[in-house]
Amino acid sequence: MAEAQTQNETCRKLPHLLSSFVDTFVDFSVGGGLFLSPPKANPAPNLESPLQTRHPSPDRLIAVGDIHGDLEKCKESLRLAGLIDAAGNWSGGSSTVVQVGDVLDRGGEEIKTLYFLERLKRQAEKSGGKVITMNGNHEIMNIDGDFRYITPESLKEFSDWAFWYRVGNSMKNLCSGLVNLAKDPFLGLPSEFKGIRKEFHDGIRARIAALRPKGPISTRFFADNLTVLVMGENVFVHGGLLPNHVSYGLERINEEVRDWINGVRGDLCRDIGRGRNSVVWLRRFSHELAENCDCKALEHVLATIPGAKRMIMGHTIQENGINGACENRAIRIDVGMSKGCINGLPEVLEINKDSGLRVLSSNPLHQYSYASRVIRSRGREGLGLLLEEDRRRIFYGAALSGFKYEPTKSFVLSH
């Protein structure tokens with residue numbers, strides 16, 4: 001009895017230290033050997049503090065397109081602009097970086113990339129710089145349980161995360177009842193998924209647990225992302241904005257996405273996250289042929305956002321590199337750099353107060369200037385690799401097929 005009292009007394013003195021140690025240990029184990037200061041234990045969604053949608057224009061601004069689980073290409077992009085050193089640490093001084101979303105899917109280093117960007121945010125802040133990450137359609141899809149573009153390598157990464165996450169909780173339970181543990185994210189999830197090859201079941205389950213609303217990965221890395229950002233003359237958005245989006249409210253869009261990810265909002269407005277005319281899916285200003293961009297609609301949208309001169313978007317691969325349309329009011333920066341896309345050579349957009357806009361490219365064939373370019377888009381097999389053999393024909397035969405987890409069902413293929 002006395003021994004138990006002594007143990008409890010010790011635990012009362014050390015819960016925060018133990019929790020911080022465990023969180024750091026888990027971060028190091030799943031984040032590719034990166035040390036991060038641990039998040040607050042069991043943080044409650046802060047609904048009183050609005051996300052900052054509008055920022056002043058910095059002296060130097062770098063925009064990075066879709067990453068899709070390719071950590072090395074992400075690093076190459078940042079090195080182009082002198083933002084990180086050979087070891088991957090921040091060297092960009094007071095520069096500002098905006099990454100326009102789609103860190104998830106198509107690649108096998110999604111979690112490691114999230115940890116890398118999170119560390120850069122903290123390093124940049126100490127140097128007077130800033131790293132801003134945004135939500136793209138693939139973040140929204142995964143939080144919503146739509147896994148049509150995941151890869152076997154990514155499921156291995158999420159399985160590893162689940163292992164270390166459970167190890168961390170077991171370590172915290174050494175002080176049973178004295179360290180507040182987050183709700184078990186695996187509660188209520190099935191252990192098997194009809195139509196999916198058995199070797200992927202653990203990875204699917206881990207991915208759902210990590211990324212669903214109120215999940216440990218989704219709340220930590222995506223809840224405070226912006227979905228729309230206005231920075232000086234520049235409007236950043238993954239897909240695009242239409243007049244109805246602006247009238248709905250840019251701040252409102254950001255806060256509703258945050259609340260949905262944090263699990264305090266039941267669903268997300270279709271115009272924000274679903275459908276071809278939503279904020280993260282729109283392609284009206286990023287059509288493969290620049291002359292097919294809806295310049296009239298774009299001009300109207302920009303006129304309704306005070307001070308805005310251009311919209312900068314990802315989402316649609318530009319095989320010939322970053323380019324501008326509509327007299328450079330539409331800037332398209334997704335170069336398909338991920339090996340899971342077209343393995344494009346990294347490029348970034350640089351905006352300087354003094355020298356204007358230019359493209360920094362690792363492709364020697366591309367000039368450091370804008371030109372409207374004819375481009376083509378290419379697809380990937382995605383989740384078809386994970387399906388049981390007799391399901392692949394169904395998957396590939398559906399033009400809009402998706403693989404979606406619904407809590408009241410097993411996985412379903414939906415049209």
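Predicted, not measured: the structure shown is a model, and the values here were computed from it.

So, how was this worked out
- Counting from 1, residues in each chain are numbered in the order their sequence is written.
- The predicted nature of this model means local features are confined to residues of pLDDT at least 70 and side-chain atom pairs, given and counted, to a pLDDT of 80 or more, with totals for whole chains, interfaces and linings taken over all residues.
- Side-chain measures were taken over the full set of non-hydrogen atoms in the model, leaving aside hydrogen atoms and water.
- Numbering goes from the N terminus for both helices and strands, where a helix is a DSSP run of H or I of at least four residues and a strand is a run of E of at least two.
- Here a cavity denotes a set of grid points, spaced 1 Å apart and computed over the protein atoms alone, in which a 1.4 Å probe fits but from which it cannot get out, and a pocket denotes an open set meeting protein on both sides within 12 Å along at least five of seven lines; residues with an atom within 4 Å of a point are reported as lining.
- Grid points are joined across faces, edges and corners, and a volume is the space filled by probe spheres set on the points.
- Gly counts as polar in this scheme, as do all residues outside two lists: the nonpolar Ala, Val, Leu, Ile, Met, Phe, Trp, Tyr, Cys and Pro, and the charged Asp, Glu, Lys and Arg.
- Two cysteine sulfur atoms make up a disulfide if the distance between them is within 2.5 Å.
- Relative accessibility thresholds used throughout: buried, under 20% of the residue-type maximum; exposed, over 50%; partly exposed, between the two (1.4 Å probe, protein chains only).
- For two strands to be treated as a pair, DSSP must find no fewer than two bridges joining them.
- Assignment of crossover handedness uses the view with strands pointing away from the viewer, where a clockwise path from the first strand over the helix to the second indicates a right-handed crossover.
- Note on definitions: a residue-residue contact is assigned when non-hydrogen atoms from the two residues lie within 4.5 Å.
- All axes are obtained by fitting lines to C-alpha atoms, using only the stretch in contact for helices, and the reported angles, taken between N-to-C directions, cover 0 to 180 degrees.
- The criterion is simple. A nonpolar core is a set of buried Ala, Val, Leu, Ile, Met, Phe, Trp, Tyr and Cys residues joined through side-chain atoms within 4.5 Å.
- Angle categories: roughly parallel below 35 degrees, roughly antiparallel above 145, roughly perpendicular from 65 to 115, and oblique for all the rest.
- Handedness of each helix crossing follows the sense of rotation of the near helix against the far helix: counterclockwise by less than a right angle gives left-handed, clockwise gives right-handed.

Enquirer: What am I meant to see in the environment of W260 here?
Expert: Mapped onto the fold, W260 is located in helix 10 (residues 250-261). On a C-alpha basis, the gap between W260 and P213 in space is 6.6 Å, while along the polypeptide they are 47 residues apart.

Enquirer: Honestly, empty space enclosed by the protein in this entry has me stumped. Any pointers?
Expert: Space left empty within the atom packing is revealed by a probe, the size of a water molecule, rolled over the atoms. The final tally for this structure, using the stated rule, is two cavities of 30 Å³ or more. Roughly 90 Å³ of internal volume is contained in the largest cavity. What lines the largest cavity is Q99, V103, L114, L117, E118, K121, T133, M134, E139, F221, F222 and N225. When its residues are assigned to classes, the lining of the largest cavity shows six nonpolar, three polar and three charged.

Enquirer: What should I look at first to understand the state of the cysteines in this one?
Expert: Covalent bonding between the sulfur atoms of two cysteines defines a disulfide. Scanning the entire structure with this criterion turns up one disulfide. Note on cysteine connectivity: C295 is disulfide-linked to C326, with sulfurs 2.0 Å apart. On the S-S bond that ties C295 to C326, the torsion sits near -85°, and the link is left-handed. Of this pair, C295 sits in helix 12 (residues 295-303) while C326 is found in the loop between strand 8 (323-325) and strand 9 (330-332), placing the two residues 31 residues apart along the sequence. Sulfur of C293: no disulfide; nearest cysteine sulfur belongs to C326 and is 5.0 Å away.

Enquirer: What's the story with the pairing of strand 2 (residues 60-64) in this structure? I'm lost.
Expert: The buried fraction of strand 2 amounts to four of the five residues, a majority that puts the element mostly inside the structure. As paired strands, strand 2 and strand 10 (residues 347-352) are joined by four bridges and run antiparallel to one another. In the sheet register, L61 faces strand 10, and the bridge partner there is I351. Bridge count between strand 2 and strand 3 (residues 96-99): four bridges; the pairing is parallel. Counterpart to A63 in the pairing with strand 3 is V98. The handedness of the strand 2 to strand 3 crossover, carried by helix 3 (residues 71-80), is right-handed.

Enquirer: Hey, could you run me through the sheet that holds strand 5 (residues 228-231) in this one?
Expert: Strand-to-strand pairing in sheets goes through backbone hydrogen bonds, with the strands running parallel or antiparallel. Pairing is mixed in the open sheet, where six strands are placed in the order 1-5-6-7-9-8. Pairing within the sheet leaves two strands with one partner each, and these edge strands are strand 1 (54-55) and strand 8. By the bridge criterion, two bridges tie strand 1 to strand 5 in an arrangement that is parallel. Within strand 5, the position partnered with R54 by the bridge is V230. Of the strands in this sheet, strand 1 and strand 5 touch helix 10, which is tilted by about 135° from strand 5. Against the sheet, helix 12 makes contact with strand 6 (234-237), strand 7 (310-313) and strand 9, and its axis sits at roughly 110° relative to strand 7, the strand it touches most.

Enquirer: Before we go on, may I ask you to explain the sheet that holds strand 2 in this structure?
Expert: Pairing is mixed across the open sheet formed by five strands, whose spatial order is 4-3-2-10-11. Unpaired on one side and paired on the other, strand 4 (130-133) and strand 11 (356-361) mark the two borders of the sheet. Adjacent strand axes in the sheet meet at a mean angle of 20°, parallel and antiparallel pairs treated alike. Relative to strand 4, strand 3 runs parallel, the two sharing four bridges. From the neighbouring strand, V98 faces strand 4, where its bridge partner is I132. Against the sheet, helix 3 contacts strand 2, strand 3, strand 10 and strand 11, and its axis sits at roughly 30° relative to strand 10.

Enquirer: When you look at the nonpolar core in this model, what are you seeing that I'm missing?
Expert: Grouped burial of nonpolar side chains is what soluble globular proteins tend to show. Counting residues in each nonpolar core, the largest one holds 100 residues, and the members touching the most others are F236, L241 and M311. With seven residues, the top contributor of residues to this core is helix 4 (residues 110-126). In this view, M311 contacts V235, V237, G240, L241, F285, L298, V301, L302, R329, A330 and I331; residues no more than four positions away in its chain are not counted.

Enquirer: I tried to follow helix 3 on my own but got confused; where do I start?
Expert: Every α-helix winds through 3.6 residues per turn, so residues three or four apart in the chain are directed the same way. What helix 3 keeps buried is the set L71, K73, C74, K75, S77 and L78. In the core, the buried residues of helix 3 are packed alongside strand 2, strand 3, helix 4 and strand 10. Immediately beyond the C-terminal end of helix 3, within one or two residues, lies G82, with a positive phi of roughly 70°.

Enquirer: Please clarify how the packing of helix 6 (residues 152-172) against helix 7 (residues 201-211) should be interpreted in this entry.
Expert: Helix packing for two helices is described by the angle between their axes and how far apart those axes are. Helix 7 packs onto helix 6 with a crossing angle of 65° between their chain directions and a minimal axis gap of 8 Å. By the criterion of interaxial angle, the relationship of helix 6 to helix 7 is roughly perpendicular. Classified by chirality, the crossing of helix 7 by helix 6 is left-handed. Contact residues: helix 6 offers S154, L155, F158, S159, W161, A162 and R166, while helix 7 offers D202, G203, I204, R205, A206, R207, A210 and L211. The residue makeup of the contact of helix 6 with helix 7, split by class, is eight nonpolar, three polar and four charged.

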